[in-house]
Amino acid sequence: MKTALVTGGSRGIGRATALLLAQQGYQVAVNYHQREAAASEVVTLIHQRGGKAFSVQADIADEEQVVTMFRTLDRHGAVLHALVNNAGILFQQAGIEELSAERINRVFATNVTGAFLCCREAVKRMSLRHGGQGGAIVNVSSAAARSGAPHEYIDYAASKGAMDTLTKGLSLEVAAQGIRVNGVRPGFIYTDMHADGGEAGRVDRMAPTIPLQRGGEPEEIAQAILWLLSDAASYITGSIIDAAGGR
Ligand code: NAP
């Protein structure tokens, strides 16, 4: 059975992705940071639907915790086929004058360093050179990497720009090792994340400016992730799908 690790698989886009991957036959490792109950709920739902899943706690910004998380997967006997680097954070909407080094570093530690560390551990297990069977990685970036998110969170936007460069570089580095690396850039999606930025109703505010005239659902992003991980996308690597309603 193929195993997929979804970081931040307990809520929002990660949750929808975990549920969809399980439905498609993957055993899913549902990573979470703090909300154990949310992760357990996803695992229970997958079990109820006849799928296989387990939760694994780790702060992806912490190198030791990432290493331990992958060892937990090994202990489950999981052969990792897919990694979804989905976990990401942002903070209160603010202009450049209000950004502290501490805040910027926290955003980058999770969104960039965390993704790098998970890629590193996944590649060690998937790479043909290391005796693995190959695999696929999807990095969940953001349309903010293109817009820059001015007056909201350019630190977050810049971290997603870094993630896009990670996607490009890593895809070339591991292409001959049987590993495909792609990205998805969601636009305005209905999740709790916008409340973290201080504006729970942000998606509805932006909806009229989106060509498709509405915000997106987490399940719509999960479909793009699923496709990029699947054999249907076997000739696609280093690509990034914009899933932002036309913006
Ligand atoms: P969300 O609803 O806020 O959920 C975030 C998830 O990430 C939770 O499962 C959370 O776990 C986990 N997480 C946070 N920090 C973590 C850490 N340090 N280590 C491990 N897990 C951590 O977020 P979302 O809106 O679904 O966003 C998912 C991804 O899509 C992010 O990378 C985000 O940047 C990107 N994205 C979202 C939108 C949007 O409109 N929502 C748009 C573009 C891109 P806990 O609950 O345990 O903390």
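Predicted, not measured: the structure shown is a model, and the values here were computed from it. (Residues numbered from 1 in each chain as written. Predicted model: local features only at pLDDT ≥ 70, side-chain atom pairs only at ≥ 80, totals over all residues. Heavy atoms only, no water.)

Visitor: How would you summarise the packing of helix α3 (residues 63-75) against helix α4 (residues 101-126) if you had to cite specific residues and measurements?
Guide: Running from amino to carboxyl end, α3 crosses α4 at an angle of 35°, the nearest separation of the two axes being 10 Å. For the pair α3 and α4, the sense of crossing is right-handed. On α4, the residues touching Glu-63, Val-66, Val-67, Met-69, Phe-70, Arg-71 and Asp-74 of α3 are Leu-117, Cys-118, Arg-120, Glu-121, Ala-122 and Arg-125. For the contact of α3 with α4, the per-class residue count stands at seven nonpolar, no polar and six charged. (Axes fitted to C-alpha atoms, helices over the stretch in contact; angles between N-to-C directions. Helix = DSSP H or I, 4+ residues; strand = E, 2+ residues; numbered from the N terminus. Left-handed = near helix turned anticlockwise from the far one by under 90°. Contact = heavy atoms within 4.5 Å. Nonpolar A, V, L, I, M, F, W, Y, C, P; charged D, E, K, R; others polar.)

Visitor: Could you give me a rundown of the pattern of salt bridges, with the residues and numbers involved?
Guide: Side chains bearing opposite charge may pair, as long as their charged atoms lie close to each other. All told, the structure shown has 15 salt bridges when counted by the stated rule. In this structure, the salt-bridge partner of Arg-120 is Glu-121, at a minimum N-O distance of 3.0 Å. One salt-bridge network, in which partners are shared between bridges, spans Glu-63, Asp-74, Arg-120, Glu-121, Lys-124 and Arg-125. (Salt bridge = Lys/Arg side-chain N within 4 Å of Asp/Glu carboxyl O.)

Visitor: Help me get a handle on the pairing of strand β5 (residues 135-140), residues and values and all.
Guide: Summarising burial for β5: six of the six residues are buried, a large majority. Side chains Gly-135, Ile-137 and Asn-139 project from β5 onto one buried face, and the interleaved Ala-136, Val-138 and Val-140 project onto a second face that is buried too. As paired strands, strand β4 (residues 80-85) and β5 are joined by four bridges and run parallel to one another. Within β5, the position partnered with Ala-82 by the bridge is Ala-136. Crossover β4 to β5 through α4 is right-handed. (Buried < 20%, exposed > 50% of the residue type's maximum accessible area, 1.4 Å probe, protein only. Pairing = 2+ DSSP bridges. Right-handed = clockwise from strand over helix to strand, strands pointing away.)

Visitor: Which residues make up the site of the ligand, and what values go with them?
Guide: Taken together, 31 residues are adjacent to the ligand, and Ser-10, Gln-34, Asn-86, Tyr-156 and Thr-191 come closest. In the environment of the ligand, an oxygen atom lies 2.5 Å from a nitrogen or oxygen atom belonging to the side chain of Thr-191. Contact with the protein chains removes 97% of the 910 Å² of surface that the ligand exposes when unbound. For the shell around the ligand, the secondary structure elements donating two or more residues are α1 (12-23), β2 (27-32), α6 (154-174) and α7 (193-196). Class assignment of the residues belonging to the shell around the ligand gives a composition of twelve nonpolar, 14 polar and five charged. (Near = heavy atom within 4 Å. Polar contact = N/O pair within 3.5 Å; in protein donor to acceptor, adjacent residues only side chain to side chain. Areas by Shrake-Rupley, 256 points an atom, 1.4 Å probe, with all protein chains shown as cover.)

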